[in-house]
Every structure is written in C-alpha cells, then in structure tokens.
There are 2 protein chains.
Amino acid sequence: MSKIRTIVYGVGATGQNVTRHLAERGVDIVGAIGRVENVGADLGTVAELDRELNVEINDDADDVLENTEADVAIVSIASTLEEMYPHLKRCLEAGVNVITTSEETLYPWYTSPDLAGRLDRIAIENDVTFTGGGYQDIFEVNLPVMLTGASRKLDGVDGTNRYNIDDYGPAVVEYFFGGKDRDDVEEKLERGGAPESLFRTTLEAQIAELGLSEADASQKATPIVADRAVESEALGRTIQEGEVLGLEIDVTIETHEGITFTGTEIAKVYDTEEEDRNEWVIEGTPEMHVVDQPTPVEVGTSTQIVNRLPDIINYESGFVSVTELPRPKYRVGPLETYLD
Amino acid sequence: MSKIRTIVYGVGATGQNVTRHLAERGVDIVGAIGRVENVGADLGTVAELDRELNVEINDDADDVLENTEADVAIVSIASTLEEMYPHLKRCLEAGVNVITTSEETLYPWYTSPDLAGRLDRIAIENDVTFTGGGYQDIFEVNLPVMLTGASRKLDGVDGTNRYNIDDYGPAVVEYFFGGKDRDDVEEKLERGGAPESLFRTTLEAQIAELGLSEADASQKATPIVADRAVESEALGRTIQEGEVLGLEIDVTIETHEGITFTGTEIAKVYDTEEEDRNEWVIEGTPEMHVVDQPTPVEVGTSTQIVNRLPDIINYESGFVSVTELPRPKYRVGPLETYLD
C-alpha cells in the first residue's frame, strides 16, 4: 500500500506544525508552497526538524501542483473563503483533495454560499473533496453536537473560547486591536469594523448537523481594556493601562426551530495567570457542562488534520463538513492503512 | 409516516424514565413487560404520568411480543449478557430490534463471545439489530474515543466514574457491599467475589473502535470504609464508622499495540458534599482532560436511548456497537422523521 502523499500549502506556524507531525508519522510530503521569503529553503529546515526533507519551498503554487502527484493538500493561509478561493480552486482543479484551517471553510454555506457552491462543483467535477478542519473539528463542532445526544429537550448551545492572541504574532494582535487606543477602537466597532467571530461558522456547522435552519445571526464586539500595564511579546512593547488588550465578541444565532446558539470569543493579550478555556454548555433538560482543559491549539490543530487525512481521501467528492466525515479518532497504524 | 412503535421491557426505574420520555416525544408504546407485582397495572400509572397510556403491564413476554407489532424493544433488566440472553433472544426471534442498558451488551465480544455470537446470528436471521447503550454511549465511549482524534501520540485512556449507589436502591447498595463488615468484605474480595466493573466493556468498546486488540484485562477492588457514620436511605439505616460504604474498582486493560486503558469506578454511599464525577484523561501528546459536570444518570440514560431509536431501526442487522452507529445527536423533530 502506498503512503499518503501530501502538499504543505502555507508554511507559517500551522504549516510548520503540520510538517513536523507528518514527518513523525512517516507521511510523504511531495511539495511545499510558501511565500517568497522562504523560497528555495528546505521544508525540514523551515519547520525546524533535525533533518532536511528534500522538499524545496516554492512560491509558484501551480508549478508545485503540476509537477507533483499528491493525494491531499493541507492549506493554512487565511480565514475567509474569499481569501482562500483561488488557493482551493487551484488544488481542486489539479485533482488534489484539500483540508484547510480556514475558519470560514468549516461551514461556508450561510456566509459565502456562492463561493462555496462554485468550489463544490469544481471538486465534484475533479472527483476530489475539500473540508475545513483543524482545532474546531472536535472541540468546537463534533464534541458539542455529540453532547446534545443526551438532551431530553434542547433549548440552546453556548460556547466560550478564550485564547492568547499574543501567541499568534503581531498581525493577529493588531487584527483584534491589541495595543490600540480605546476610543478609536470603540469608534471603529460602531462603524461595523469588528472581525467576524470564529463562532459564526462553528455554530452554523452545529446547526446544520442538527438539521436546523438559521433565522438570524448577529454579533457584538466589545474592547477589552487593560486595567494595568501588560507586556506584549508579539508587539514587542507594553500595552498601557487604558489601552486595548483585544476583543470579546458575542455571537447569537437564532434558528427557525427556536433553539438558540451563542458563543463568546475572548481574543486578547493575556495578563499573567490567565488560561485558555474551551467550554460548552448544552442548555435545556438536562443542562450539561463540558470543559476541556486547555489543549494547546497549535498541537490540536495539526493532530486533527493529520488524523483526518484518510477520511478526506476516502470521501466521495465535493465539499464535506467535519460533521459529515466519520467521527474523529486517533490512528494508531500507518495512515495509509485507513484508506478504503 | 408511521410513528415508531416500542415495547418497554422492564419497568423498573430505568423503564419508567424511558416511558416518561417516550410519552413526551409522542412515541407509540405498544407493550410493556414487567414483573408480577405490576401485572395488570397501566404503564402510565406505574411511570407516574398524569394519564394512563392504555398499556397494561404483562409478565408474559412471549405473549406481548406475539400480540403486538413493535419496531424496537427497550430492555432494562440486568447487567450481564448471560442474564440478558433469554430476553434478547426472545425479542430478536420475534423480529423486534433491541436497545438495552445491560452494561455487558455494550461490547460483549471479549467477555461473552459465544453468547454474543449466537445473538448476532439470530439477529441477522431475523433482520433486526441489537445494541447496548444508554448512559455509557456518549459519556463513556463515544466522547473519549472522539477526543483521541486530537492525539499526536496516544499512550492511554483513563476514566474515573463516581456515583452514589444509595440512589439505586438496596439491591445495588448490597451488590457493592454497602453496610457490610470490612473484614468480611476483604475476605470476599480476596476470593474473587468483586462485581465486574462497568469499565471493562466500556474500555473494550473503545479499544475495538480504535482498531486495537486486548492483550490482558484485570481489575482490583478495594472496600471504601466509612470514617464516620453515614446515613443510607436505600438501606434505611446508618452505616457505622468502620463499615463499608462501597467499592473502588480499578480496571487495567493492556493492548497488543502498547496503549493502556484504565478506569476507576467509585461506587459508594455518599457522605455529604460528594458529587458525581465523570472524567476522562487522554494520555500521551497532548494530554487532554475532559470533565462533564454531573449529568443525572437517570436523565442521561433515557435520553440516549430515545435519541438513538432511529439509528437502531435504520441499522442493517446483527449486533451493533454504539461506536458503529452514527454519532449521537439530539432529535429536534418527531423521531420517525429520522428513519431511512
């Protein structure tokens, strides 16, 4: 049985984590697509492995896709489907399955139905699959949906997710207005300038899996203001008392069936003693609470991608949500032994 | 579309809970099988509904199975497959699907392969399905297995389950030696007189789903001794300091793949301030902890049975483990709308 052949498409922090995990599992990496600053470098070196992988990073994606034979591309580039569209289209047209960490691709049918539909058709024409997965797969979608199986009467689902944006570099800190002036941020937010919460598509994936339909979706973002000076490693400076540490974004989605889905995303530069938190409450009878103690996102993301590879290759074709793939589980044997 | 037609087989605490839930969901109950003390009573009255269900409890199971047209029987009678065998055989031969709360039926292939194989053949011959489910479905099997999907390297799975045997009546308290003399209990345990922990089949269901194979299974039971007087409602008396409150049973299962499965069952009469606990640790990289805040077992059992009914009817035939059924979820619409 041949090994699974992968392309690492995007070699930032996530792509590097995935690379280390793929190498550990003996999965073939046949290509790497990255930005100009890494071009020509070996993927093993960039991912800080103790050996080269003999895979040169190339910024010409079409060149890589044309000149390799890959089963699946792991695409870690951006969040929105609009940004992802050309990358996904290119892979699918080359006959390569895709798993991406793009948050919107988790369930794009409400937020970008047109782009999702176009990619779905391209995937079907080329007999390949694409899915949005990674950290959200288990912890944000499949786990809470499974818990509803113990509901006698389901009234709602409520999630809380707190994480330290300082771990993700300056671009992410600035995306959530870290280090900015409070008044400026409040003005921007009033003009609708808040980023879309990751809970939007997370909750929509749950809604779809439960056979419900969305009636209304809204979100409200509030700046989290430092009540004392906090060090930001990503910004390389101190965020002063009164400046913004990040955002709390509250998402509410009503369904036509009367079940309400809510999420609270707390994306901020941490003060000391703060911990990541992922918590779900299944509301109704009975009320259920589940907390998973912080699983490092950077580990959780690559593991849920790598353990999923056989599922994505096995799936027929077109877009598939992580709720439609088989339930996630650890792969103890070589990954290719799980192929149909 | 016709409603799902059920038989409530066993009308103790679990059967009564299931009855209330079925009535709430508008599922047809076409028969009830109970012990002699309830014979002739209406199932609605026995289940403390505010109305009769026009279902008379009958202690002649064959009579009920012959004279009703049922899709599925919900069998809550006993724990071991040996005790359950005649009841399951009878239902399957009558062409009725079965879901049972019998702990061993959750995954009987290691502990009672012969009986399991015989029932499997009978089910296939009669084109019906049987499964062991209820509380363990999500919280003890599907939830921990799903979490392994975020493992980079899985070393083991460890569960802890603490519950108050005083809630389950005097038979259960005595089963775990509640109220007995410490020396007598220790002597009995030394002679191998401990009950089989529910973790045995729970962990074996996980092992099977992960594609692993069992090398060795063992358990060690230790009496939990009262360090002060504790009131037992089930026994109707005080358990004195030095007497036994219940058992801690530690189960260890080694697999040929080197992954170890362990469980700690704490079954005791509670002192004040003790709470139910269901906790799983996924050992390895990363180490993951999940705690679900106590979901009342009596609610969790009936809900996981009722939400499962369409899955059991839809499944082809033979024995099916809860890991092989579709992933559990809440059913917002009438249950019959989920039939294939």
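Shown above is the structure to which this text applies.
If you're wondering where the values come from, they're calculated on a predicted model, not measured in any experiment. (Residues numbered from 1 in each chain as written. Chains lettered and ligands numbered in written order. Predicted model: local features only at pLDDT ≥ 70, side-chain atom pairs only at ≥ 80, totals over all residues. Heavy atoms only, no water.)

A. Structural view of the pattern of salt bridges. Residues and elements named next belong to chain B. Applying the stated criterion to the full structure yields 38 salt bridges over all chains. Residue Arg5 pairs with Asp71 through a salt bridge whose shortest N-O separation is 2.9 Å. Taken together, the positions of Arg5 in strand β1 (residues 5–9) and Asp71 in the loop between α3 (61–66) and β4 (72–75) put the pair 66 residues apart, joining distant regions of the chain. Residue Arg5 is classed as partly exposed on the basis of its relative accessible area of 29%. We note a salt bridge from Arg277 to Glu279, for which the minimum N-O separation is 2.8 Å. When its relative accessible area of 33% is taken as the criterion, Arg277 is described as partly exposed. (Salt bridge = Lys/Arg side-chain N within 4 Å of Asp/Glu carboxyl O. Helix = DSSP H or I, 4+ residues; strand = E, 2+ residues; numbered from the N terminus. Buried < 20%, exposed > 50% of the residue type's maximum accessible area, 1.4 Å probe, protein only.)

B. Layout of the sheet that holds strand β15 (residues 318–319) of chain A. All names here are of chain A. Taken in spatial order, the 7 strands make up an open sheet running β3-β2-β1-β4-β5-β6-β15, and their pairing is parallel. Single-partner strands in this sheet number two, and they are β3 (57–58) and β15. The pairing of strand β1 (residues 5–9) with strand β4 (residues 72–75) spans 4 bridges and is parallel. When the bridges of β4 are listed, Val8 appears paired with Ile74. Sheet strands in contact with helix α1 (residues 13–24) are β1, β2 (28–33) and β4, and its direction is about 160 degrees off that of β1. Helix-sheet contacts for helix α4 (residues 81–93) involve β1, β4, β5 (97–100) and β6 (129–132), and the interaxial angle to β5 is about 150 degrees. (Pairing = 2+ DSSP bridges. Contact = heavy atoms within 4.5 Å. Axes fitted to C-alpha atoms, helices over the stretch in contact; angles between N-to-C directions.)

C. Inspection of the relation of the copies chain B and chain A at higher detail. Overlaying chain B on chain A yields an RMSD of 0.0 Å, the required transformation being a rotation through 180 degrees with an accompanying axial translation of 0.0 Å. Both copies are brought into coincidence by an operation consistent with a two-fold rotation axis. Among all C-alpha atoms of chain B, that of Val291 of chain B lies closest to the rotation axis, at 2.9 Å. The overlap is high: 100% of the interface residues of chain B also sit at the interface in chain A, so the same surface is used on both sides. (Least-squares fit on C-alpha atoms with pLDDT ≥ 70 in both.)

D. Local environment of α1 of chain A. All names here are of chain A. Spanning 12 residues, α1 covers 17 Å between terminal C-alpha atoms, matching the ideal 16 Å at 1.5 Å per step. Looking only at α1, the buried set comprises Gly15, Gln16, Asn17, Val18, Thr19, His21, Leu22 and Ala23. The inward-facing, buried residues of α1 abut β1, β2, α2 (43–46), β4, α10 (297–306) and α11 (309–314). Phi turns positive, to about 70 degrees, at Gly26, one or two residues after α1. (Expected span 1.5 Å × (residues − 1).)

E. Spotlight on the side chain of His21 of chain A. Mapped onto the elements, His21 of chain A comes out in helix α1. Take His21 of chain A: its relative accessible area is 0%, and that puts it in the buried class. His21 of chain A has contacts with Ser302, Thr303 and Val306 of chain A together with Arg152 of chain B, leaving out every residue within four places of it along the chain.

F. Focus on the sheet that holds strand β5 (residues 97–100) of chain B. All names here are of chain B. Across the sheet, which stays open at both edges, the 7 strands sit in the order β3-β2-β1-β4-β5-β6-β15 with parallel pairing between neighbours. Whereas interior strands pair on both sides, the edge strands pair on one side only; in this sheet they are β3 (57–58) and β15 (318–319). Helix α1 (residues 13–24) contacts β1, β2 (28–33) and β4 of the sheet and is inclined by roughly 160 degrees relative to β1. Against the sheet, helix α4 (residues 81–93) makes contact with β1, β4, β5 and β6 (129–132), and its axis sits at roughly 150 degrees relative to β5, the strand it touches most.

G. View of the packing of α4 of chain B against helix α5 (residues 113–125) of chain B. Residue and element names in this part refer to chain B. Taken N-terminus to C-terminus, the directions of α4 and α5 make an angle of 10 degrees; their axes are 10 Å apart at the nearest point. When the axis of α4 is compared with that of α5, the two are roughly parallel. Counting all contacts with α4, which are made through Leu81, Glu82, Tyr85, Leu88, Lys89, Leu92 and Glu93, the residues of α5 involved are Leu115, Ala116, Arg118, Leu119, Ile122 and Ala123. (Parallel < 35°, antiparallel > 145°, perpendicular 65-115°, else oblique.)

H. Representation of unusual backbone geometry in the model. In this structure, the amide linkage connecting Thr285 of chain A to the following residue, Pro286 of chain A, adopts the cis form with an omega of -10 degrees. Tracing the sequence through the fold places Pro286 of chain A in the loop between β13 (277–285) and β14 (288–292). Of note in this structure, Asn54 of chain B is not a glycine but carries a positive phi near 55 degrees. In this structure, Asn54 of chain B sits in the loop between α2 (43–46) and β3. You can call Asn54 of chain B exposed: its relative accessible area is 72%.

I. Structural detail: the packing of aromatic side chains. Residue and element names in this part refer to chain A. If you walk through the whole model with that rule in mind, you get 16 aromatic pairs over all chains. Here the aromatic rings of Trp109 and Phe319 are separated by 5.9 Å at their centres, their planes lie at 80 degrees, and the arrangement is edge-to-face. On the criterion of sequence distance, the pair formed by Trp109 in the loop between β5 and α5 (113–125) and Phe319 in strand β15 is long-range, its members being 210 residues apart. Taking the relative accessible area as the measure of exposure, Trp109 reaches 31% and is therefore partly exposed. For Phe319, a relative accessible area of 8% translates into the label buried. (Phe/Tyr/Trp six-rings, centres within 6.5 Å; stacked < 30°, edge-to-face > 60°.)

J. View of the environment of Ala13 of chain B. Within the fold, Ala13 of chain B resides in helix α1. As a C-alpha pair, Ala13 of chain B and Gly169 of chain B span 156 residues in sequence and 9.8 Å in three-dimensional space.

K. Inspection of empty space enclosed by the protein at higher detail. Throughout the structure, instances matching the rule amount to 2 cavities of 30 Å³ or more. Within this model, the largest cavity holds a volume of roughly 70 Å³. Residue lining of the largest cavity: 11 residues in total, with Tyr135, Asn161, Asp276, Arg277 and Asn278 of chain B positioned closest to the centre. Of all the secondary-structure elements, those providing two or more residues to the lining of the largest cavity are β7 (153–164) and β13 (277–285) of chain B. Broken down by element, the lining of the largest cavity gets its largest block of residues, 3 residues, from β7 of chain B. Approximately 30 Å³ is the volume found for the second largest cavity. Every residue lining the second largest cavity is listed: Gly149 of chain A together with Asp137, Gln304, Asn307, Arg308, Asp311, Pro328 and Lys329 of chain B. Here the residues of the lining of the second largest cavity sort into 1 nonpolar, 3 polar and 4 charged. (1 Å grid on protein atoms, 1.4 Å probe; cavity = no way out; pocket = protein on both sides within 12 Å on 5 of 7 lines; lining within 4 Å. Points joined across faces, edges and corners; volume = space filled by probe spheres on them. Nonpolar A, V, L, I, M, F, W, Y, C, P; charged D, E, K, R; others polar.)

L. Focus on the side chain of Thr101 of chain A. All names here are of chain A. Following the sequence through the fold, Thr101 ends up in the loop between β5 and α5. Thr101 gets classed as buried once you look at its relative accessible area, which sits at 16%. Other than its neighbours up to four places away in sequence, Thr101 contacts Thr14, Val75, Ser76, Gly133, Thr301 and Ile305.

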